Structure formats: C-alpha cells, structure tokens
Amino acid sequence: MPSPAPSVVTAVVTTAPDSEVARALATRIVEERLAACANVVPGVTSIYWWEGTVQQEGEVMVVFKTTAERLDALRDRVLELHPYEVPEVIAFPVAEG
C-alpha cells in the first residue's frame, strides 16, 4: 500500500494591533491545532490605504505554519477572533522546509 501524500506546508501571515492581541491570537490558533506553530514578530510598520487616506501604524506580525488542508479553518478562525474590521490573512505555500 503506498504512503499517503505529504501535506503541503503553508505559511499564513496576519498582523495585530499589539503584542497582547498577537500572542492571544497565536496561542488560540495553535491550541485549536489549526497551526503547528506561530511566530510573533514585533516592530512592524504598516503603511496602507484606508478610508480615503494613507495610514501608518505600528503592528505586530504573526506567521502561522499549517497545512493546506487546515488553511480554510485557520483563515475563518482568524477572521472570527481578530479585532480589525478587515484583517489581513495571506497564505503562501512553502516550497521547502
């Protein structure tokens, strides 16, 4: 019997308004087994267009490592838990790792 195909590793990036929110989000997602790991990266400056003007804010980035099979559930859960009106959730397939 052939071995099952390996899961495609996927990195998912979001940002949070501060370290407390980022850590809570990362902890919840990992506890719920939607990601195997999360890295909380402070000190990010985000420049973006919002409500008719260019905004600049300090944020904290969260990078999740998950599988393609869990991606939809992870995205949905981030959207449920996130305090932003329109949170960023960007996924990238991992070529190696």
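The preceding data block contains the structure.
Residues numbered from 1 in each chain as written. Predicted model: local features only at pLDDT ≥ 70, side-chain atom pairs only at ≥ 80, totals over all residues. Heavy atoms only, no water.

Draft legend 1. Broad picture of the environment of Gly43. Within the secondary structure, Gly43 is located in strand E2 (residues 37-50). On a C-alpha basis, the gap between Gly43 and Glu31 in space is 25 Å, while along the polypeptide they are twelve residues apart. (Helix = DSSP H or I, 4+ residues; strand = E, 2+ residues; numbered from the N terminus.)

Draft legend 2. Expanded view of the pairing of E2. Pairing geometry for E2 and strand E3 (residues 53-67), over twelve bridges, is antiparallel. Directly across from Val40, in E3, lies its bridge partner Val62. Count of turn residues in the E2/E3 antiparallel hairpin: two residues, of which Glu51 carries a positive phi of about 55 degrees. (Pairing = 2+ DSSP bridges.)

Draft legend 3. Representation of the pairing of E3. Across eight bridges, the pairing between strand E1 (residues 9-16) and E3 is antiparallel. Paired with Thr15 across the two strands is Met61, which belongs to E3.

Draft legend 4. Structural context of the nonpolar core. With 13 residues, the main nonpolar core has Ile29, Phe64, Leu74 and Val78 as its most contacted residues. Breaking this core down by element, the ones donating at least two residues are E1, helix H1 (19-31), E3 and helix H2 (71-81). Looking at this core, the element that brings in the most residues is H1, giving four residues. In contact with Leu74, other than residues within four places in its own chain, are Val12, Ile29, Leu34, Ala35, Phe64 and Thr66. (Core = buried A, V, L, I, M, F, W, Y, C linked by side-chain atoms within 4.5 Å. Buried < 20%, exposed > 50% of the residue type's maximum accessible area, 1.4 Å probe, protein only. Contact = heavy atoms within 4.5 Å.)

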